[in-house]
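Examining the three-dimensional arrangement
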Amino acid sequence: MPRRPSDARQRIVQTALELFAARGYHNTGIADILKESGVGRGSLYHYFPSKKELGLAAIDEMTRLLAEEGAGRHLRSQDHPIDKLLKMIDELPGLVRLRSGESLTPSLTVRLGAVEPEFRERISSRLAGLIDGTEAILRRGVAEGQIVEGVDPRVLTHAFVVMCEGIQLATVLGHQQAVWEDARRWLKEHLNSLRK
């Protein structure tokens, strides 16, 4: 059965995502993506007129996966607001893993975000929805009395995001597992202390 054209596009993006996360943007050539995806050069350029456009598509795919399989799935649960955050922390450093076993978010954000200002802007704008969603959940938790009074949902969200990003970055930088385990343990203890 012949493959649909959208299958080729998806294979290209998935392959680019894997290779950019594992090797970096500059160390991944179009020839590598073509070889690994099994898609012809004409098809690749039909969907992506430049490597930069493919990089932007890889960022979009990363955030889609994060929203569907990673943090987003916990935010959509019916759990207590603190439990939603705790479940995300339990999966750090890799909320979403690629077929290669590479942790998607830190690998790709570090390797693409450092390359191009437009990549950083795209990453930031795509992750803003998850950050806003987290803040809304915490705001509702405070309003409904599930979280102790006096907690500023915006500040807690920002602290949570920065700590999670730091835990993920620590693994990319090769810090000892104890470093991010200590940070994760402290964050979980702090979040539990805010539960009502």
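Residues numbered from 1 in each chain as written. Predicted model: local features only at pLDDT ≥ 70, side-chain atom pairs only at ≥ 80, totals over all residues. Heavy atoms only, no water.

**Points about the overall build of the protein**
Looking only at helices and strands, the protein features 10 helices and 0 strands. Moving toward the C terminus, one meets the helices and strands of the protein in the order α-α-α-α-α-α-α-α-α-α. Counting the 196 residues in the protein, one finds 43% classified as buried. Residue pairs in contact within the protein that sit at least 24 positions apart in sequence constitute 69% of those at least 6 positions apart. Roughly 10,100 Å² of accessible area belongs to the protein as shown, and the carbon and sulfur atoms make up 52% of that amount. (Helix = DSSP H or I, 4+ residues; strand = E, 2+ residues; numbered from the N terminus. Buried < 20%, exposed > 50% of the residue type's maximum accessible area, 1.4 Å probe, protein only. Contact = heavy atoms within 4.5 Å. Areas by Shrake-Rupley, 256 points an atom, 1.4 Å probe, with all protein chains shown as cover.)

**A closer look at the packing of aromatic side chains**
A complete count under the given rule lists 3 aromatic pairs for this structure. Arranged with centres 5.2 Å apart and planes meeting at 50 degrees, the rings of Phe20 and Tyr25 form a pair that is tilted. With centroids separated by 6.4 Å and ring planes inclined at 50 degrees, the aromatic side chains of Tyr47 and Phe48 adopt a geometry described as tilted. Judged by relative accessible area, which is 22%, Tyr47 ranks as partly exposed. Taken together, the aromatic side chains of Phe20, Tyr25 and Phe119 make up a single cluster linked through ring pairs. A cation sits over an aromatic face here: Lys51 above Tyr25, 4.4 Å from the ring centre. (Phe/Tyr/Trp six-rings, centres within 6.5 Å; stacked < 30°, edge-to-face > 60°. Lys NZ or Arg CZ within 6 Å of the ring centre and 35° of its normal.)

**Looking at the packing of helix H4 (residues 51-69) against helix H8 (residues 117-143)**
Running from amino to carboxyl end, H4 crosses H8 at an angle of 20 degrees, the nearest separation of the two axes being 10 Å. Classified by the angle their axes make, H4 and H8 are roughly parallel. The interaxial crossing formed by H4 with H8 has right-handed handedness. Here H4 contributes Lys52, Gly55, Leu56, Ile59, Asp60, Thr63, Leu66 and Ala67 to the contact with H8, which in turn contributes Glu118, Phe119, Arg122, Ile123, Arg126, Leu127 and Leu130. A per-class count over the contact of H4 with H8 returns 8 nonpolar, 2 polar and 5 charged. (Axes fitted to C-alpha atoms, helices over the stretch in contact; angles between N-to-C directions. Parallel < 35°, antiparallel > 145°, perpendicular 65-115°, else oblique. Left-handed = near helix turned anticlockwise from the far one by under 90°. Nonpolar A, V, L, I, M, F, W, Y, C, P; charged D, E, K, R; others polar.)

**Some remarks on the confidence of the model for the protein**
Averaged over all residues, the pLDDT of the protein is 86; the fraction at 70 or higher stands at 89%. Across the protein, the secondary-structure element scoring lowest on mean pLDDT is helix H7 (residues 104-113), at 71, and the one scoring highest is helix H2 (residues 30-37), at 96. (pLDDT = per-residue confidence, 0-100.)

**Some details on a nonpolar patch on the surface**
Together, Val110, Leu169 and Leu173 make up a nonpolar patch on the protein surface, roughly 240 Å² of accessible area in all. Counting through the fold element by element, Leu173 comes out in the loop between helix H9 (153-172) and helix H10 (177-193). (Patch = residues over 30% accessible without salt bridge, like charges linked within 9 Å, V, L, I, M, F, W, Y side chains within 5 Å. Salt bridge = Lys/Arg side-chain N within 4 Å of Asp/Glu carboxyl O.)

**So, the packing of helix H6 (residues 81-90) against H8**
The interhelical angle for the contact between H6 and H8, taken along N-to-C directions, is 145 degrees, at an axis separation of 9 Å. Residues Pro81, Lys84 and Leu85 of H6 form the contact with H8, whose participating residues are Thr134, Ile137, Leu138 and Gly141. Tallied by class, the residues present in the contact of H6 with H8 amount to 4 nonpolar, 2 polar and 1 charged.

**Re the environment of Phe160**
Examined against the element boundaries, Phe160 turns out to sit in helix H9. Among the residues examined, Phe160 registers a relative accessible area of 5% and is labelled buried.

**Side note on H2**
Taken together, the buried positions of H2 are Ile30, Ile33, Leu34 and Ser37. One side of H2 holds all its buried residues, which, seen down the axis, span an arc of 100 degrees. Phi turns positive, to about 75 degrees, at Gly38, one or two residues after H2. (Arc of directions from axis to C-beta.)

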